[in-house]
Amino acid sequence: MNQRFLLTVNGTSHAVDADPDTPLLYVLRDDLGLNNPHFGCGLAQCGACTVHLDGQAARSCITPISAVGNGEIVTLAGLGTPEKPHPLQMAYIEEQVPQCGYCINGWIMTAAAFLRDKKKPTDAEIRIALEGLKCRCGTHMAILRAVKRAAAAMD
Amino acid sequence: MTRMEKAANFSRRAVLKAGGALVVSIGAPVSPDFAYADEALSMSATMRPALTPDQLSSYIAVNADGGVSAFFGKMDMGHGISVAIAQMVAEELDVPFDTVKVVMGDTATSVNQGGASGSTGIQEGGRQLRAAAAEARRVLVELAADKLGVSADQLTVADGVVHAAGDVAKKASYGELIGGRYFNVELAWNGQIGNPLYAPGKARSKDPKDYKIVGQPIRREDVAPRVFAQSDFCTDVKVPGMVHGRMIRPAVAGAMPVNVDESSIKHIPGARVVWNEGFLGVLADKEWDAIKASRELKVTWSNAPPPFPDQASLYDHIRKSPVRKQEAGGKPIGDVDEAFKSAARVIEAEYEWPFQSHASMGPACAVVDIKGDQITVWTGSQKPHFTRDGVAGILGVPQEKVRGIWVPGPGCYGRNDAGDAAMDAALLAKAAGKPVRLQYMRDQATGWDPKGPASLHRARAAIDETGKVIAYEFMSKAFPRVDVNSNESKPYDTLAGQLTGVPLRSGDGFAVPEESYGFANKRTYWQTIAPLLDRGSPLRTSHLRDPVGPQIHFASESFMDELAAALKLDPVAFRLQYVTDPRDIAVIKAAAEKAGWQPRPSPRKDQSGGNVSGRGFAYVQRHPTRVAIVAEVDVDRSTGKIWARKFTVAHDCGQIINPDGLRHAIEGNVVQGISRTLWEEVKFDNKMVTSIDWLSYPILDMTEAPETIDVVLIDHPEIAPSGAGEPSTRPVAAAIANAVFDATGVRIRRVPFSPDYVKAALS
């Protein structure tokens, strides 16, 4: 049975009627028209659906809408804009990271939460922070360069 | 913003006024940017010369503002090929790079150049656009000659403006000459479509010594929209009135639905079943409801016999299966059998490669809209022209009634699940009477995509008393490279076709190593065996990045290393002793030099303890492209875990169009190659594929990525550019295997080199 939920996404409030079990991913994509989080696996194994929930990277494909509560949701579109980009977005452009680009939410949103809390990370710390995220095109080297570039910019 | 909203924006400003005097060789008004503009399309369709391969207007148009549209019948699968194409077009036309817009992937705006295919984006697709742009420049200069009253040989072009040589006041811009109107110029088309399509004009293309734009590291324009979440994927296409579909596959491959209890999903709003023979899907207004319906629908399946061997006996199955087809890789050299009889020593080895999955980042998606007799399919397929043909075929309508629009998909490395999704969506849309968006689920993406074929390879060499290789024989025995073709234009090449009664028509083919070893006696050949199931198989094969290249060259280049080791020779020196092609020699030397390669035989003998390191070499050709690679690895003997730590790649693909794009493509190929070598194997039991997610089909993790990938680009401006999208995938497995041997003295002859397998091999 549908219920009404009030969500704050990228600073804007929305009212949505949805089945409480509906994963946040489908609410963002289909009800709110925010295409940036992607369906990759529905199993929290790849990260393509990652958003920030109260500042923490969360896999929206397994987060039921009923579990969001009053949490503040930020998507990739809310992380930064061409006018006010996040350092990671700038670094991604500088390093020309993506190939297909479908995995991008996982890496940027996870790295953004990590770099906010961890200054001057080592190569090993960056790799561990990004463990488990998937990129099938194999852009790993460019991702590492971009995260290091962003880390330096945020220092 | 969705794709459809963008379309409306385009259409408002779509068709331009064709100002200025009519010129004889100019056709109808052109709309600059109507890739997604239905309104513009319908207006211009009657005025544009036919969209056929023999028309210049099918490739190049100059807009009223002087900007250039390049209509490209291939697609970008993530390597940024549109940048390279724009560079080639801008170079030939003598216009600024940023005035060229490459319009890809819409059957309404481009001819069928084969889609993304075989690393031919630049090699074949770019060749055609280059020829068309050169011809467009020639025609424009002739138009200027008429207008200015100056002979064409007295005119030069800079930044899209034609100037008289001695009189700067005499000039005419491309925009003034033809802007807003189509060319009406016929080309000398070779009658082919797809990759071999070639239709040059009378013009000669530019001398490479005059290049200003080709060869520059120009960046991709599509990165910023991606990182700001402003550009759409195929999965983001929304059409008014659209409903969501999901497919249902059996738990035993080959089983058919015999009873479907639609009442089991009646509690889900709007959920309904679409069932035709083996084709079974569900529809619902909301996506999550469609997913729930697909999970909750009660289906009784036929009692199909388990179609597959146990995984443990896969290679025995290949060994023992009757040969369906055998073919030689060209005429044998010398008398191989006699040479083996006279050998002082014979060295032999056998190698094994598993089925592998595309495992694209997202499951395939397609949207199909049937409006009367006009059908539109949005697809992530690498070949939307063939997708159009397939949709027309499966719906039983003429091809011209279907428009295929490529929108970037969630990863594509060949004939993945995108082609099947488009056909499934077409059948769902026909049943629904509404537009349908279908996306597969993860278990279907990994479990049911067409697979790279499993194979085994045998190599043997005859050595004479002086240690010289006097004969070499290499054979592959394998599942065919394409049970389903590399495009989805025929129902028998799609799951939807096969599940509605059209049996598989497996193509028979494989390949042989590509190299230039000048052994005096040499024979290479392949054999194929029958597919395991005649329709609807999750182990049907098709093209996966560098089709059959990684497996063949894993074997052939591992074997070269085995020969070098048996002869106690340095692996690079051994290769240089036999390789005959000058470009091969150059690429081998370049990789070795960059890597600081010190000559010595493998294995190393100076290490002890649990952690050991080694270096390995491999070299390959892929059609005209050459790649040599040095891998440096660390092996933990106690766990069997390999870290493929450093790679040095030397790459020669002839003329380099964009070195930055090329480096990124090579890096991706190497990383994907490492992943396939160390981790990737489609698991199955005798009923079904059991690799259905990222846990059961692991790929390379960030914690396992190399420390360094060094790339040496060898540029040959004088040699036609050849492919780079795949070749550097090809030597990775052998280079790693050879490095593991160097480190441990143990030869790994089966992929993947998973920790358990390596640990067992080391003990």
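The structure displayed is predicted, hence computed values, not measured ones.

A few words now on the overall build of chain A. A count of helical and extended segments in chain A gives 6 helices and 5 strands. For 155 residues, the compact-globule formula gives about 15 Å, and the C-alpha radius of gyration of chain A, at 15 Å, lands near that figure. Projecting the C-alpha coordinates of chain A onto the three principal axes gives extents of approximately 45 × 30 × 25 Å. Within chain A, the fraction of its 155 residues that count as buried is 55%. Within chain A, counting contacts between residues at least 6 apart in sequence, those at least 24 apart form 59% of the total.

Before going further, it helps to spend a moment on the overall build of chain B. The helix and strand inventory of chain B stands at 19 helices and 26 strands. Each principal axis of the C-alpha distribution contributes one length, and for chain B these read about 80 × 80 × 45 Å. By residue count, 59% of the 763 residues in chain B fall in the buried class. Sequence-distant contacts, at least 24 apart, represent 78% of the contacts inside chain B between residues at least 6 apart.

Here the focus is the environment of Leu532 of chain B. Examined against the element boundaries, Leu532 of chain B turns out to sit in the loop between β22 (521-528) and α14 (549-566). Leave out the neighbours within four places in its chain, and Leu532 of chain B touches Pro307, Phe308, Ser537 and Leu539 of chain B.

All right, on to the domain arrangement of chain A then. Residues and elements named next belong to chain A. In terms of domains, chain A is made up of domain 1 (3-79) and domain 2 (87-154). On a C-alpha basis, the centroid separation for the pair domain 1 and domain 2 is 21 Å. Across the contact, 15 residues belong to domain 1 and 13 residues belong to domain 2. Residue assignment for the side of domain 1 that touches domain 2 shows that the elements contributing at least two residues are β3 (50-53), β4 (56-59) and α2 (76-79).

On to the domain arrangement of chain B. Residue and element names in this part refer to chain B. Partitioning chain B into domains gives domain 1 (3-212), domain 2 (240-304 + 358-443), domain 3 (311-354 + 450-528) and domain 4 (559-762). Of note, the centres of domain 3 and domain 4, computed from C-alpha atoms alone, are 21 Å apart. Counting residues at the interface gives 19 residues for domain 3, matched by 21 residues for domain 4. A total of 6 residues in the side of domain 3 that touches domain 4 trace back to one element, the largest contributor, which is strand β15 (residues 345-353). In terms of residue class, the side of domain 3 that touches domain 4 is built from 10 nonpolar, 4 polar and 5 charged.

All names here are of chain B. Core analysis: the largest hydrophobic core is formed by 273 residues, its most contacted members being Ala70 and Ile736. Examining the composition of this core, we find that 13 residues originate from one element, helix α4 (residues 121-148), more than from any other. Discounting chain neighbours no more than four positions away, the residues touching Ala70 are Tyr59, Ile60, Ile85, Ala86, Val89, Val100, Val102, Val103 and Leu129.

Our focus in this paragraph is the sheet that holds strand β2 (residues 12-18) of chain A. Residue and element names in this part refer to chain A. Overall, mixed pairing links the 5 strands, which are arranged β2-β1-β5-β3-β4 in an open sheet. Strands with a single pairing partner mark the edges of an open sheet, and in this sheet they are β2 and β4. Taking the axes of each pair of neighbouring strands and ignoring which way they run, one obtains an average angle of 40 degrees across the sheet. Pairing geometry for β3 and β4, over 4 bridges, is antiparallel. Counterpart to Leu53 in the pairing with β4 is Gln56. Seen against the sheet, helix α4 (residues 104-117) touches β3 and β4 and runs at an angle of roughly 30 degrees to β3.

The next subject is the pairing of strand β21 (residues 469-478) of chain B. All names here are of chain B. Of all 10 residues making up β21, 10 are buried, and the element is well covered by its neighbours. Where strand β20 (residues 455-463) meets β21, 9 bridges bridge the pair, whose relative direction is antiparallel. Looking at the pairing, His457 lines up with Ser476 of β21. The antiparallel pairing of β20 with β21 creates a hairpin that spans 5 residues between the two strands, and Gly467 there sits at a positive phi of about 90 degrees.

Here we come to helix α18 (residues 732-744) of chain B. All names here are of chain B. With 13 residues, α18 extends 18 Å between its outermost C-alpha atoms, agreeing within 8% with the 18 Å of an ideal straight helix rising 1.5 Å per residue. Along α18, 13 of the 13 residues are buried, which leaves the element largely enclosed by surrounding structure. In the segment just after α18, Gly745 is the residue with positive phi, at about 80 degrees.

In this section: the interface of chain B and chain A. Between chain B and chain A, the contact holds 43 residues from the first and 47 residues from the second. Secondary structure elements with two or more residues in the side of chain B that touches chain A: α6 (223-227), α7 (287-296) and α17 (659-678) of chain B. Residue classes in the side of chain B that touches chain A are distributed as 19 nonpolar, 12 polar and 12 charged.

Attention shifts here to the packing of helix α3 (residues 87-94) of chain A against helix α6 (residues 140-154) of chain A. Each packed pair of helices is defined by two parameters, the angle between the axes and the distance between the axes. All names here are of chain A. α6 packs onto α3 with a crossing angle of 135 degrees between their chain directions and a minimal axis gap of 8 Å. On the basis of the axis angle, α3 is oblique to α6. For the crossing formed where α3 meets α6, the hand is right-handed. Every residue of α6 that contacts α3 at Pro87, Leu88, Ala91, Tyr92 and Glu94 is listed here: Ala146, Arg149, Ala150, Ala153 and Met154. Grouping the amino acids of the contact of α3 with α6 by side-chain chemistry returns 8 nonpolar, no polar and 2 charged.

Residues and elements named next belong to chain B. That bond from Ser602 to Pro603 is cis: its omega, 0 degrees, falls within 30 degrees of zero. Mapping Pro603 onto the fold places it in the loop between α16 (582-595) and β23 (611-622). In this model, Val751 is joined to Pro752 through a cis peptide bond whose omega is 5 degrees. By secondary structure assignment, the location of Pro752 is in the loop between α18 and α19 (755-762). For Ala359, which is not a glycine, the phi torsion comes out positive at approximately 40 degrees. Position of Ala359 among the secondary structure elements: in the loop between β15 and β16 (365-371).

Moving on: the packing of α14 of chain B against helix α15 (residues 571-578) of chain B. All names here are of chain B. Contact geometry of α14 with α15 gives a least axis separation of 9 Å together with a crossing angle of 105 degrees. Taken together, α14 and α15 sit at an angle that is classed as roughly perpendicular. Note on element contacts: α15 touches α14 through Pro571, Phe574 and Arg575, opposite Met560, Asp561, Leu563 and Ala564. Here the contact of α14 with α15 is built from residues that sort into 5 nonpolar, no polar and 2 charged.

Quick look at the sheet that holds strand β19 (residues 436-439) of chain B now. All names here are of chain B. Sheet architecture is open: 7 strands sit in the order β11-β12-β9-β19-β16-β17-β18, paired in mixed fashion. Each edge of the sheet is formed by a strand with only one pairing partner; in this case those strands are β11 (272-276) and β18 (402-406). Between one strand axis and the next, the sheet turns through 20 degrees on average, direction left out of account. Here strand β17 (residues 374-379) runs beside β18; their pairing, made up of 5 bridges, is parallel. Paired with Ile375 across the two strands is Val402, which belongs to β18. Against the sheet, α7 engages β9 (243-247) and β12 (279-284), with an angle of about 145 degrees to β12. Along the sheet, helix α11 (residues 418-432) makes contact with β9, β11, β12, β16, β17 and β19, crossing β16 at roughly 35 degrees.

Parameters and conventions
- Residues numbered from 1 in each chain as written.
- Chains lettered and ligands numbered in written order.
- Predicted model: local features only at pLDDT ≥ 70, side-chain atom pairs only at ≥ 80, totals over all residues.
- Helix = DSSP H or I, 4+ residues; strand = E, 2+ residues; numbered from the N terminus.
- Rg over C-alpha atoms; globule rule 2.2 N^0.38 Å.
- Buried ≥ 20, exposed ≤ 12 C-beta atoms within 10 Å, placed from the backbone.
- Contact = placed C-beta atoms within 7 Å.
- Domains from an automatic or database assignment.
- Nonpolar A, V, L, I, M, F, W, Y, C, P; charged D, E, K, R; others polar.
- Core = buried A, V, L, I, M, F, W, Y, C linked by C-beta atoms within 7 Å.
- Pairing = 2+ DSSP bridges.
- Axes fitted to C-alpha atoms, helices over the stretch in contact; angles between N-to-C directions.
- Expected span 1.5 Å × (residues − 1).
- Parallel < 35°, antiparallel > 145°, perpendicular 65-115°, else oblique.
- Left-handed = near helix turned anticlockwise from the far one by under 90°.

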